[in-house]
Amino acid sequence: MCARGGSGVNQLFDPNRLVNPIMRTGEKGDGKWKEISWEEAYNYIVQKLSVIKEKYGAKSVAFASKSGPEQTFLNQFAYAYGSPNIFDHGNTCPSGYSVALTSVFGNGSISRDFSNCKFMLNFGHNVYEGMVISYARGVTQALEKGAKLISLDPRFSVLSSKASEWIPIRPGGDTAFMMAMVHTLIFEELYDKKFVEKYTIGFEKLKESVKNYTPEAMAKEYDISAERIRELTRECAKYAPHSMVDFGHRATFSPEEIEFRRAIAIANALLGNIETKGGLYFPKSPALYNKLAGEHVAPEFKGSILPKLEIPQEPRIDLIDIKDGEFSKISKTRGIYSKVFKAILEEKPYAIKGLFITRSNPVMTVNDSNEVVEALKKLDLFISVDVYVSDTSQYADIILPESTYLERDEQFLAKNGKNPGYEVRQKAVEPIGNTKPSWQIYLELAKKMGYESAFPYTDIEDFRIKQGYNYPNEMFKLKEKGMSSYGIPLLARDKESIKKFVEKYPNSKANLDSDREFSEVLKCKTKSGKIELFDEALEKACGRGGLTYNNPKLKNEDEFYFIQGKVAVHTNGHTMNIPWLNTLMSDNAVWINQKVADKLKLKKGDKIKITSKVGSQIASVLPTIGIREDTLFAYFGFGHTSKKQDIAYNKGMSASHLLENTISPVAGNNVHTIGVKIEKV
Amino acid sequence: MKYAMIHDMEKCIGCQGCTIACRSENAIPDGYFRLKVKMDGPHGEFPNLNFNYVRHSCEMCEHTPCVTVCPTHASFMDENGIVDINANLCVGCLYCVVACPYNARYVNPKTNVPDKCNFCKHTHLKQYGEPACVAVCPTDALIFGDLDDPLSPIFSYLANKPFVTNKPHLGTKPKLFVVPNKKGGIKL
Ligand code: SF4
Ligand code: SF4
C-alpha cells in the first residue's frame, strides 16, 4: 500500500469533505453555497438538462470523468440523454501511449513484464513516484535479479537513483533518440527477423521512412553521442527478447508524442519481445484463455450489464469520430478533453452549453487553466460530482457529493494479466453523511429523466449478480477475497510457460502453431490482424504511416525547458488537501541546477516568477545537482485555487497555468513541456 | 525471541507508505512522527548521482541509553527485545528523550508521556506478526524477524547482504540494520 492509500481514513473523516449536495448561491467562484437535498438537486438538474436539450440539442452538453468504474454510468447517462460528447482525462495524461499502441498492436492496453526484464530503457516513466504498486514491485524485482536499467530523464528522479545509469537527456530529445534507435536496430540488423516475418507487416515501408535518421544525424538533438546510442541499442538487442523499451505513462513531453511512443512500440516489436519473459504481453481475457486451454478454466463475467446504446448521431466536437481520420485512433470514450473548453469559449464547431463531470478537475489538469476557468464561468449549466469543492467544482452550479472509495461498493472489474482474473471494491464503512456512489447517482438521475431502461439494475448487488449470473460460486469467492485469478500465467511465445500450460491443459496442444507458439494470442485488432510497423490509415490521414522526425521545438534560446512529474505521496491534483499527505509535502519547489542558481544568486526557498507565453506563477526554488542546466522541474498538482481546500490553497505553483492548450497530432494530447523565463522576486 | 528489522536502502524508494501506515496504526498526533523516511541528496558528481533513503525511528538498541537513564523503570526492554514505555510509571522527567542518540522519541502533547516505535507490539504485530510499516512497504525494503530463529527471513537476508548500523561508535548495538546503497557512499 502507498501513502495515499494509507491516508484514506484521513480523507474519510476530513471535515472539509462534502456530505450533502450543495447549490451555488453567489457568483461563480465566490464560494457561497447552500446545502440542498438530493431531491432538490436532481429536480434542478433535470429541469436544466431538458431546457438545454430543447434549445440547443443534447450534443451541447459534454460529459467527462476520470477513467474508472464511474465512467460506465456517466457515459450511459450521456448517451441516453443523446450527447456524443463524452470524455475522460486521456488527453491530459496517457492517451499518447494508448494511441501509439493502438496504431501498432490494435490495442491500447498491453502489459509489461517488468519483473523478468533483463535490460530496460526508461524515458521518465517514474514508477517509483507516479506509483502503481505492481510496477514498482516489478522493477524492484528485476533490479534485484541484476537487470540493467537505463533512465533517460532530464532530472534525477527516484527511478534514476535506482538505475544502472542516469542519462540526463535533453527534454524533447527522446523522439530523436528513438528514431536513431529504430534506425540502428534495422540497419545494423539487430532486429528479430523471424518475429518480424511471422507477426508483423509494413517493415519495408518503416525501413524506408527511417533511413535518414542515423544516430549521427540525430545525436545533436538529444545530447548523447551517436556511439553511445549504438552501444545502448546493441546491448538492448543482446538481451532481447528479455529486454524492453518502456512506453511510459503520463507523458506527452512534446508535440511529437505520437512519433515518440510509436517508435517505442515499434522498437519493442523489432526486439521480438512480445509474449516473452521480460517483454510485453497481451492481457488474457477469460474468453481467450478458455479458448486456448480448450476447456472452461475461467468464468466469463459480463463486463457491463447496461444495454448498449447507439452512439448519438451528431458529430463530436473533437473530430475523433471521423473514420480513418487523424484522431480516429483515440478511444471513443476518451476523446480530446481539452477541446471542450475551447468549444465553450469559441462555440466552434458548435456551442457547448452544459458540462457534467465526475471526479474530474480540469482546472488543475488541463493546460492553460485561465482559459478553462473562463469557459467554466460561461456555461449555462455545470454539474460536478466530487468529494471536495475542488478548484474546478468551485465554479459549478451544483456539486453532488460522492462517497469515497472506502464507502462504496463497485461492480466486478476484469483484472486480466498473463492469466485472467477479476477484482471488486467493497465498502469498508457505511457512507458518511448523504454521500452516494456513482452507480446510484446516475441511476436515480436516469429514472427522473425517464431513461430507466438504460439502467436495468436496482442496486450494485443486483448489477453484480447480473454480471456473474452463471457463476454463483465464483462470485461468492470473489466477494470474499476481493480478487480472483484463474489458471496459470501464460506467455504465448515463451517455451517454459507454454510447456507448463500444455501440461496443465492437454487440449491446448491442438492450438499450438507449427513453431509451437500460441500465435492466436498475437492476432491483433489492427486492420491487417498483424502488428503494423507502418500505419496505412495514418499515412492517408496525415502522412504519418512510418516514423517521421519533426523537430519538436519546445523553447527559445533564452528560455528554460519547464518539465514536471508525479510525486509518490500525492495522487495527481486531488490529495493535496488531505492533512497527512499535506504534511509530507505541501509545496512543490522548482528544481533548478545548482550552477545556474549560483549564477542567478538564488538560494533554496527564494521566490521566482516563472513566465511562459500563457501565464506566470510564483514559486520557491530548490537548487540541486540533479537536473540539467537548461531545465526546470516541478511536481504537478500544486497551486490549488479553491479556498475550500484550505490547507492546500495557494501552496506551490500550478503547472497548468503555464502550459499552452495544444492538441498534439494524432494522439491529441496536451503537451506538458514549455519554454519559460524566470526572474527573482 | 529477539525482534529486529532491516531497512534496505537499496530497495527503499522513499514513498512514505510506511510513515503513513505508522500514523494510521498508532494514532500519531498531527505534526509528530514515530517513523519517517528522509530522502537525502542527490550526492555525487553529475551525472553519477545517488539519493540516500534514511529511516528515522527507534533503533531498538540492545544497550539502551533511554532505559538506563529512566529513574522509574517506565522505559524498559521486554522479553522479546522490544524497547517499550510503561506510561503508568512515567513521571515525565524526559531524561529518555534527551538520552536517545537517535532522536527517536517525541513527547505526546496529550499525555505528556514520551512515545516512540514499539514495532506495533500491541496492535499490528500482535495481530499479523509484523509491524504495520513492514506490511505496507511496496518494494519489500523492510524485513522483520527474530534474531534467535535461524529460519527467520531476517537471518538469510543479513547473511547475504552487507549491512551496517547507525552510529556504531556509541555502542548502542541497534537492532535496526541498514543495507546501504551500492551506488555511492552512505552518510548516516
Ligand atoms: S514504505 Fe518501504 S519503500 Fe516506502 S519509504 Fe517506507 S521503507 Fe521506503
Ligand atoms: S533508538 Fe533511542 S529510544 Fe530507541 S532504544 Fe535506542 S535509545 Fe532507546
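Definitions and limits used
Residues numbered from 1 in each chain as written. Chains lettered and ligands numbered in written order. Predicted model: local features only at pLDDT ≥ 70, side-chain atom pairs only at ≥ 80, totals over all residues. Heavy atoms only, no water. UniProt positions renumbered as here; feature names shortened; annotations may be inferred. Near = heavy atom within 4 Å. Nonpolar A, V, L, I, M, F, W, Y, C, P; charged D, E, K, R; others polar. Pairing = 2+ DSSP bridges. Helix = DSSP H or I, 4+ residues; strand = E, 2+ residues; numbered from the N terminus. Expected span 1.5 Å × (residues − 1). Buried < 20%, exposed > 50% of the residue type's maximum accessible area, 1.4 Å probe, protein only. Arc of directions from axis to C-beta. Phe/Tyr/Trp six-rings, centres within 6.5 Å; stacked < 30°, edge-to-face > 60°.

In the nomenclature of an unreviewed UniProt entry, chain B corresponds to 4Fe-4S dicluster domain-containing protein from the organism Helicobacter ibis.

Per an unreviewed UniProt entry, chain A goes by the name Thiosulfate reductase PhsA and belongs to Helicobacter ibis. In its Sequence similarities (unreviewed entry) section, the UniProt entry covering chain A states "Belongs to the prokaryotic molybdopterin-containing oxidoreductase family."

Asker: I'm lost on the site of ligand 2 in this one. Help?
Answerer: Neighbouring ligand 2 are the residues Cys58(B), Glu59(B), Cys61(B), Thr64(B), Pro65(B), Cys66(B), Val83(B), Cys100(B), Pro101(B), Tyr102(B), Arg105(B) and Lys116(B). The residue inventory of the shell around ligand 2, partitioned by class, reads eight nonpolar, one polar and three charged.

Asker: How do you make sense of the sheet that holds strand 17 (residues 483-485) of chain A when you look at a structure like this?
Answerer: Backbone-to-backbone hydrogen bonds pair the strands of a sheet. The strands run either parallel or antiparallel. Taken in spatial order, the three strands make up an open sheet running 15-16-17 (chain A), and their pairing is antiparallel. Because the sheet does not close on itself, it has two edges, and the strands there are strand 15 (413-414) and strand 17 of chain A.

Asker: Looking at this structure, how should I read helix 3 (residues 38-56) of chain A?
Answerer: Side chains that are three or four residues apart share a direction in an α-helix, a result of its 3.6 residues per turn. Residues and elements named next belong to chain A. The end-to-end C-alpha distance of helix 3 is 26 Å, a good match for the 27 Å that 19 residues give at a rise of 1.5 Å each. Those residues of helix 3 that fall on the buried side of the exposure criterion are Trp 38, Ala 41, Tyr 42, Ile 45, Val 46, Leu 49 and Ile 52. Seen from one end, helix 3 has its buried residues packed into an arc of 135 degrees, which puts them on one side. In helix 3, the exposed positions that point more than 90 degrees away from the buried face belong to Glu 54 and Lys 55.

Asker: Explain the packing of aromatic side chains here, please?
Answerer: Two numbers describe a pair of aromatic rings. These are the distance of the centres and the angle of the planes. Summed over the entire model, instances satisfying the criterion amount to 45 aromatic pairs over all chains. Look at Tyr97(A) and Phe247(A): their rings are 5.1 Å apart centre to centre, the planes differ by 35 degrees, and that puts the pair in the tilted class. Of the two residues, Tyr97(A) sits in helix 5 (residues 95-105) while Phe247(A) sits in the loop between strand 10 (243-245) and helix 13 (257-271), which places them 150 residues apart along the sequence. The exposure class of Phe247(A) is buried, given its relative accessible area of 2%. Plain terms: the ring middles of Phe163(B) and Phe177(B) are 5.2 Å apart, the flat faces sit at 75 degrees to each other, and that makes the pair edge-to-face. Of the two residues, Phe163(B) is situated in the loop between helix 6 (153-160) and strand 9 (176-179) and Phe177(B) in strand 9; the sequence distance between them amounts to 14 residues. Within the aromatic cluster, the residues linked to one another by ring pairs are Phe63(A), Phe77(A), Tyr81(A), Phe356(A), Tyr442(A) and Tyr451(A).

Asker: Honestly, the site of ligand 1 in this entry has me stumped. Any pointers?
Answerer: Close to ligand 1 lie 13 residues, the nearest being Cys12(B), Ile13(B), Cys15(B), Cys18(B) and Cys137(B). Considered class by class, the residues forming the shell around ligand 1 number eight nonpolar, five polar and no charged.

Asker: Would you explain unusual backbone geometry in this entry?
Answerer: When glycine is set aside, most residues are seen to have a negative phi, and most peptide bonds are trans. Between Lys348(A) and Pro349(A) the backbone carries a cis peptide bond, its omega angle lying at -5 degrees. Position of Pro349(A) relative to the elements: it lies in the loop between helix 15 (339-346) and strand 12 (354-358). Between Phe46(B) and Pro47(B) the backbone carries a cis peptide bond, its omega angle lying at -5 degrees. In this structure, Pro47(B) sits in the loop between strand 2 (36-45) and strand 3 (48-56). Within the chain, Gln16(B) stands out as a residue other than glycine whose phi angle is a positive 70 degrees.

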